[in-house]
Amino acid sequence: MLDIDPRVRVDVDSLMAAQHDLGVCDAIWRIAPGGKADAMSAPHLPKVAGMDPAVTAVPQTAAPTPARTAPTAHPAAVPGPSTLIQDRLAGMVSDLTTLHELTERLTRARDLDASLHEFLRAGAALVGARRGLIVLEPSDGLGPTTTVGLGLGRADLGHIETVPRTATPYGRILDGLPDARGGSDVLPEPGAGAESGPYGIPVDPRHREVAARLGYAASYALPLTAEATGRLGAAVWLYDEQAEPSDRQRDLAGLYVRHAAEHLARMLEVERSRSRLATVAEELLPSRLPRIPGVRLAARHHTGPLGGGDWYDALPLPEGALGLAVGSVTGAGPSAVAAMGRLRASLRAYAVMEGEDPVAVLSDLELLLRLTEPARCATALFAYAEPGQRKIILAGAGHAPPLLIGDHRTEYVETTLSAPLGMLSCWEAPSVEIEPAPGETVLLYTDGLLRRTGDPMDRAYARLHAAAACVPRAVRDDPAAVCDHILRTVLPADDPALAPAAPAGPAGATTASAATAAMAATEDGVEDIVLLAARFD
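Quick caveat: nothing in here was measured; it's all calculated off a predicted structure. Per chain, residues are indexed from 1 in the order of the written sequence. Two thresholds apply to this predicted model, a pLDDT of at least 70 for residue-level local features and 80 or more for giving and counting side-chain atom pairs, whereas whole-chain, interface and lining totals are computed over all residues. Note: side-chain values were computed over all heavy atoms of the structure, leaving out hydrogens and water.

Colleague: I keep staring at the confidence of the model for the protein chain and nothing clicks. Help me out?
Modeller: Segments scoring low in pLDDT should not have their predicted coordinates read at a detailed level. In the predicted model, the protein chain carries a mean pLDDT of 79, and the fraction of residues at 70 or more is 77%. The pLDDT value tells you how sure the predictor is about a given residue, anywhere from 0 up to 100. Whether two residues are in contact is decided by their heavy atoms: any pair within 4.5 Å suffices. In the model, residues 1-71 has pLDDT below 50 throughout and makes 82 contacts with residues more than four positions away in sequence or in other chains. Every residue in residues 501-525 scores below 50 in pLDDT, and together they form 60 contacts with partners more than four places removed in sequence or on other chains.

Quick look at the structure:
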């Protein structure tokens, strides 16, 4: 509590006031009793980013009262200490409210990419810029490294990357130079000499060229440093004219960046964990699909952010036969991924020994699961295919029915109802035999494809059937194109699984995966997607 007149007595957090340069004691000290406030005679402010240089009257300040006609003129009335304190407190409240709203928006970002974009937008609003970029380059070298722009296209970012790092403040931050603290960098006028930059530092010719091409004349850079991880990268905002943020804008941006860096460090660790888990899941799945005469194969596998237990397999069997399998293990995370790997390896062994009887394969798999992992259950579908005879014998355990796609028919295969593996003390279900016509494709999939549509299951099945029925004739001979068409048609437009994936594998067998793509998690999580297509010649 300040020892001042009770009429203007207030409570002020001294630490907060010092951080914002809004000390109330300083405001009172600058006003002498009966004198004139220093703020009333402040010089003309220089031009700063996002602010008009003209000094405007404070609305709460009382206007000077004209002197009455008298032998002696009295000085004009000046605002009292309470008015200036109220103005400063109002400014403090406004700044804290702004910081609170921006940090709340940042914490609502679900993944690293969304956090980077939100950070750039908030920083641009604080420093009065409309463009900027952030370079994520952790000093520990574990990645990921990326560059995100605000108001800058890919080509613009490419031009900026051609500027030598030592020629820009944010580049010196990324290089870890001892004197790299960021700050403002106002470029000289186009006709000025090379030595006329701020602080007498020569301006790199390439920097001049890129700035002229992109139309910016100044920048403001800040380092991104977290307490636990150290340097994360650097952010820079660009101004269209020679301007720089004011002291107040610098203070607000500095407070926001310090908080945002800790949030970005946490999201970076989450992204690394997801990437490692997705890599393990990919290594547990087939690296390539087999090449069997009479059939062409393609697969699509997209791992959710939590690392699910969906899997697929295609293995050659004796006498030119082919085993096809898809399945899903309950749960998510590392334990589900490990269980998926054990289940797939066990099914391969049973398929080699008794693959011509899919019911026996699934019965043995159910017994193994019940004895070794009694707390877990799984769905599975196994098909024994003879491409030469175009005959398939299949059995399912609580799994979605296959879809038969052809020129003259598109229909679900009628499979018998059965419980998932591990649900009953003794599992058994009859097998089903189908004979695909030449040119027809059998599509196996997991229920993650249906759930990620966002529709009820009956509508999701109808949506999948409609997507398969409208596959263009020009691509029906390519099972990979059939899978891509179904994904684009069935899933919402913003689903991360629609990101392009590079094909791999030998001729006639294609596999693709976007397991390591960054995907935003919802409250219920995003499930895996598996598609396995087999086209019979």
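Once you've had a look at it, read on.
Colleague: What exactly am I supposed to notice about helix H3 (residues 81-107) here?
Modeller: Residues spaced three or four apart along an α-helix face the same direction, because each turn holds 3.6 residues. Given a rise of 1.5 Å per residue, 27 residues ought to cover 39 Å, and the 39 Å separating the end C-alpha atoms of H3 matches this to within 8%. Note on classification: 1.4 Å probe, protein chains only; a residue is buried when its accessible area is under 20% of the maximum for its type, exposed when over 50%, partly exposed between these limits. By definition, any uninterrupted DSSP run of H or I lasting at least four residues is a helix, any uninterrupted run of E lasting at least two residues is a strand, and each is numbered from the N terminus. Of all the positions in H3, only Thr83, Leu84, Ile85, Asp87, Met92, Asp95, Leu99, Leu102, Thr103 and Leu106 are classed as buried. In a helix, the anticipated span is given by 1.5 Å times the number of residues less one.

Colleague: Would you mind going over the sheet that holds strand S8 (residues 321-332) with me for this structure?
Modeller: Across a sheet, paired strands are connected by hydrogen bonds in the backbone, their directions being either parallel or antiparallel. Strands are labelled as partners when DSSP assigns at least two bridges between them. The sheet built from 5 strands is open, its strands ordered S7-S8-S9-S10-S13 with antiparallel pairing. Single-partner strands in this sheet number two, and they are strand S7 (308-317) and strand S13 (432-434). In this sheet, adjacent strand axes meet at a mean angle of 15° when their direction is disregarded. All axes are obtained by fitting lines to C-alpha atoms, using only the stretch in contact for helices, and the reported angles, taken between N-to-C directions, cover 0 to 180 degrees. Lying on the sheet, helix H9 (residues 334-354) is in contact with S7, S8 and strand S9 (378-386); it crosses S7 at an angle near 20°. Packed onto the sheet, helix H10 (residues 358-372) meets S9 and strand S10 (391-397) and runs at close to 25° relative to S10.

Colleague: It is not clear to me how the sheet that holds strand S5 (residues 230-239) should be interpreted in this structure. Could you clarify?
Modeller: Taken in spatial order, the 5 strands make up an open sheet running S2-S1-S5-S4-S3, and their pairing is antiparallel. Strand pairing shows two members of the sheet lacking a second neighbour, strand S2 (146-150) and strand S3 (183-186), which therefore form its edges. Here the average twist between neighbouring strands, direction ignored, is 20°. Summarising the sheet, strand S1 (residues 131-136) and S5 pair through 6 bridges and their orientation is antiparallel. For Val135, the partnering residue across the bridge sits in S5 and is Ala234. Contacting S1, S2, strand S4 (218-226) and S5, helix H4 (residues 112-127) crosses the sheet at an angle of about 45° to S2. Relative to the sheet, helix H8 (residues 247-283) contacts S1, S3, S4 and S5, its axis offset from that of S4 by approximately 45°.

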